[in-house]
Amino acid sequence: MWVDLIIALVKILFIFAITVGFFAPVLTWVERKQSALMQDRIGANRADIMGFTVLGLFHIIADALKMFTKEDFIPDGANKILHTMSPIIALVPALITFAVIPFGGQYTLFDKEVNLVISDLDVGLLFVFAIASLATYGYVIAGWSSNNNWSLLGSMRTASQMISYEVSMGLTIIGILMVYGSMKLTEIGAIQENFWMWGIFLQPFGFIMFLTASIAENKRIPFDAPEAESELVAGYFTEYSGLKFGMFFMAEFIEMVTIGAIMTILFLGAWHIPFLTSATLLSWFDFLGTTGANIVLMLIHVGVFFGKVVFFIWLQMIIRWTLPRFRYDQIMKLGWKIILPLSLANIMITGLVILALK
Amino acid sequence: MELLIFYPLAGFCVVLALGVVFNNSPVGSAISLIGMMLGLAGIFVLLQAHFIAILQVIIYAGAIMVLFMFVIMLLNLKKGDDTGWISRDKNLFLSILTGALAIGILYKIGDILFSTKMDSPATLPDTFGTVANIGETLFTEFVLPFEVASILLLAAMVGAVVLAKNKLD
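Residue numbers restart at each chain and count upward from 1, following the sequence in its written direction. Each chain is given a letter, starting from A, and each ligand a number, starting from 1, according to the order in which they appear as written. Selection of residues for local features in this predicted model requires a pLDDT of at least 70, selection of side-chain atom pairs for listing and counting requires 80 or more, and totals for whole chains, interfaces and linings are taken over all residues.

Moving on, we come to the overall build of chain B. Looking only at helices and strands, one finds six helices and zero strands in chain B. Secondary structure elements follow DSSP: runs of H or I no shorter than four residues count as helices, runs of E no shorter than two count as strands, and numbering proceeds from the N terminus. If you list the helices and strands of chain B from N to C, you get α-α-α-α-α-α. In this description, a residue-residue contact is defined by the distance between C-beta atoms placed from the backbone, which must lie within 7 Å. Considering only residue pairs separated by 6 or more positions, chain B has 56% of its internal contacts joining residues 24 or more positions apart.

Glancing now at the overall build of chain A. Helix and strand counts for chain A come out as 13 helices and two strands. Relative to a compact globule of 358 residues, whose C-alpha radius of gyration would be 21 Å, chain A shows 22 Å and is just as compact. In terms of overall dimensions, chain A has a C-alpha envelope of 65 × 60 × 45 Å along the principal axes. For chain A, the share of sequence-separated contacts (at least 6 apart) that also reach a separation of at least 24 residues comes to 78%. All radius of gyration figures rest on C-alpha atoms, and the globule criterion is 2.2 Å times the number of residues raised to 0.38.

With that settled, the discussion passes to the interface of chain B and chain A. Often, the extent of an interface is quoted as the loss of accessible area on bringing the components together. With 18 residues of chain B in contact, the opposing surface of chain A contributes 21 residues. Elements represented by at least two residues in the side of chain B that touches chain A include exactly α2 (26-46) and α3 (50-74) of chain B. Per-element accounting of the side of chain B that touches chain A gives the leading share, 14 residues, to α3 of chain B. Per-class residue counts for the side of chain B that touches chain A are 15 nonpolar, three polar and no charged. In the scheme used here, Gly and all other residues not listed as nonpolar or charged are polar, with Ala, Val, Leu, Ile, Met, Phe, Trp, Tyr, Cys and Pro taken as nonpolar and Asp, Glu, Lys and Arg as charged.

On to the pairing of strand β2 (residues 112-115) of chain A, then. Successive side chains on a regular strand alternate, one facing one side of the sheet and the next facing the other. Residues and elements named next belong to chain A. Strands are treated as partners if at least two bridges between them are detected by DSSP. Pairing between strand β1 (residues 106-109) and β2: four bridges, direction antiparallel. Across the sheet, residue T108 finds its bridge partner in β2, namely E113. Remark: two residues form the turn of the hairpin made by β1 and β2, two consecutive strands paired antiparallel; F110 in that turn has positive phi of roughly 50°.

The next thing to look at is α2 of chain B. Multiplying one less than the number of residues by 1.5 Å gives the expected span of a helix. A rise of 1.5 Å per residue sets the reference length of α2 of chain B, with its 21 residues, at 30 Å; its end C-alpha atoms lie 30 Å apart and thus fit the reference within 8%. The exposure label follows from counting other C-beta atoms within 10 Å of a residue's C-beta, where the C-beta atoms are placed from the backbone and the thresholds are 20 or more for buried and 12 or fewer for exposed, leaving partly exposed in between. Listed as buried for α2 of chain B are V27, A30, I31, L33, I34, M36, M37, L38, G39, L40 and A41 of chain B.

Split by domain assignment, chain B resolves into domain 1 (1-78) and domain 2 (130-169). Annotation comment: domain bounds sourced from an automatic or database domain assignment. The gap between the C-alpha centroids of domain 1 of chain B and domain 2 of chain B is 23 Å.

As used throughout, a nonpolar core is a set of buried Ala, Val, Leu, Ile, Met, Phe, Trp, Tyr and Cys residues joined through C-beta atoms within 7 Å of each other. L126, A251 and F253 of chain A together with I34 and I54 of chain B are the most contacted members of the largest nonpolar core, which totals 104 residues. In contact with L126 of chain A, not counting residues within four places along its chain, are M183 of chain A together with I54 and I58 of chain B.

With that settled, consider helix α12 (residues 289-322) of chain A. Compared with the 50 Å implied by 1.5 Å per residue over 34 residues, the 49 Å span of α12 of chain A between its first and last C-alpha is a close match. Contact partners of the buried residues in α12 of chain A: α1 (2-38), β1, α8 (204-217), α10 (242-267) and α11 (278-284) of chain A.

Before going further, it helps to examine unusual backbone geometry. Residue and element names in this part refer to chain A. Phi is positive for K219, which is not a glycine, with a value near 60°. As for its position among the elements, K219 is in the loop between α8 and α9 (229-232). Positive phi, normally seen in glycine, also occurs at A270, with a value near 45°. Mapped onto the fold, A270 is located in the loop between α10 and α11. Overall, A270 belongs to the buried group, with 27 C-beta atoms counted inside 10 Å.

Once that is clear, we can look at the packing of α8 of chain A against helix α13 (residues 328-357) of chain A. All names here are of chain A. The geometry of α8 relative to α13 is characterised by a closest axis approach of 11 Å and an angle of 150° between their N-to-C directions. On the basis of the axis angle, α8 is roughly antiparallel to α13. Our pair here, α8 against α13, has a crossing hand that is left-handed. Residues F205, G206, M209, T212, A213 and A216 of α8 form the contact with α13, whose own contacting residues are I331, G335, I339, L342, S343 and N346. Taken together, the residues of the contact of α8 with α13 sort by class into seven nonpolar, five polar and no charged. Axis definition: a line fitted to C-alpha atoms, limited for helices to the stretch in contact. Angles are taken between N-to-C directions and run from 0 to 180 degrees. Every angle not falling under 35 degrees, over 145, or within 65 to 115 is termed oblique; those three ranges are roughly parallel, roughly antiparallel and roughly perpendicular. Take the far helix as the reference: if the near one is turned anticlockwise from it by less than a right angle, the crossing is left-handed, and if turned clockwise, right-handed.

Quick look at the packing of helix α5 (residues 149-180) of chain A against α8 of chain A now. Residue and element names in this part refer to chain A. Interhelical geometry of α5 versus α8 gives an angle of 155° and a closest axis separation of 9 Å. In terms of axis orientation, α5 runs roughly antiparallel to α8. The handedness of the crossing between α5 and α8 is left-handed. Contacts between α5 and α8 pair Q161, M162, Y165, E166, S168, M169, T172, I173, G175 and I176 from the former with G206, M209, F210, A213, S214, A216 and E217 from the latter.

The next subject is the environment of V353 of chain A. With respect to the element layout, V353 of chain A can be found in helix α13. As for V353 of chain A and V179 of chain A, which are separated by 174 residues in sequence, their C-alpha atoms are 9.9 Å apart.

Here chain A averages 84 in pLDDT, while 100% of its residues score no lower than 70. The least confident element of chain A is α9 of chain A, whose mean pLDDT is 75; the most confident is α13 of chain A, at 89. pLDDT is a residue-level measure of predictor confidence that goes from 0 to 100.

The predicted model of chain B has a mean per-residue pLDDT of 82, with 86% of residues at 70 or higher. Confidence metrics for the complex model read pTM 0.82 and ipTM 0.76.

All names here are of chain B. One can find S29 in helix α2. A residue is classified by how many C-beta atoms lie within 10 Å of it, and S29, with 19 of them, is partly exposed. C-alpha separation for the pair S29 and L18, spaced eleven residues apart in sequence, amounts to 9.2 Å. In this structure S29 touches V20 and N23, once residues within four positions along its chain are discounted.

Residues and elements named next belong to chain A. By the secondary structure assignment, E113 is in strand β2. For E113, a count of 8 C-beta atoms within 10 Å corresponds to the exposed category. Excluding residues within four positions of it along the chain, E113 makes contact with Q106 and T108.

This is the structure in structure tokens:
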């Protein structure tokens, strides 16, 4: 019992460390560097300690210090409680989704089965969607409680955009559920040990539509109409400063990691290396004993998983700095008139193929 | 152990449900309703119905209430002008009807409450509340109500489109 509790705590701490402690701050730096690279600038190299800049990595510390020391400003006529609550409502769901996301398979350590997921829910995939859909309130309430018309417009766009793309997103994953016959993310991951069972081969259209819909859900360029700094100042977070703004910022980056993790598990073989089964890898490291070989396997799998996540994050960054912002009506058209019918057709075709193969 | 979770959750739900009724601002009411639905999802989890709990969050808290909020913001409803209870004559018939319905429902709930045995916790099979189990029941035992409900939803959807289209044209 105590051992289980400690294992669970270690997993939770690991997830916290890697999202809040590693990905969120480092991604702010990566985004600056990526944009500088793509726009032929040098970028993010001013912050230095004793003359050392280390590729601008000290900007992370500078940013954090700036956010902590800025004045926390609540505009006149704003709803104080809701204005304070909404960054929390936006950030917390992004963190909770990691409770069901497996970051590795199952390993035998010291005669104990360790499953690298905090909670292996039967309805895992739906849990992710349920929690992610709650984040909408953070953004919607933020704009409404600011007592600012730009913010209100931003949050109305958020509400309509997130609702629209949630529908298409939910329908695109039905294809995946039909193929794998499970909602457990650990099971979906385990099936993909076979390279030809990867979601990207079984559901190529689902892959593209899911990627599009999830970027739209995260409100990043080209779907950043809710922020649209050239039209709405900064959209729903116009009136936020200091760490409250930082929380919105952090929520966006952590959602990028969530999207990467979900895409990896559903479409890119989760923690598996193509053509290398866990059994083969275990036999390679057999000389280390059962526990030793399992530890090496676990490290390899976790490394491969986060490598794939980083790939998806990089893909999202490339998309962000390549495309211009879509117009609001174009976003709605894409969601309702293109992705929605296509995802319904995808479900039909998947069903017919499954029926034909039986 | 279960009661230790149940009573705070149920209390939370009741307080927020009262908050929906007594809140002056529409947004406050909507937020209370969202909180109440999350509490209800927690009670479903307590009853081993994980799938229903998740659906409660996705559909009610995650989708329907966002639309509510959207409409409230679109109309930019601020605090209600008249506080306190109002009764208008033209609403009399509707008031009596809804009142009668409410009393009927309360009677039915009381009837169920007093006729069930509270002391025997039922033993549940392992597959209770899983997605596969619910799907199977839905498409075998309850297939007729399921299809009827889907037709009703389809009719409502078509009706909404027709109404909106008439206004647009």
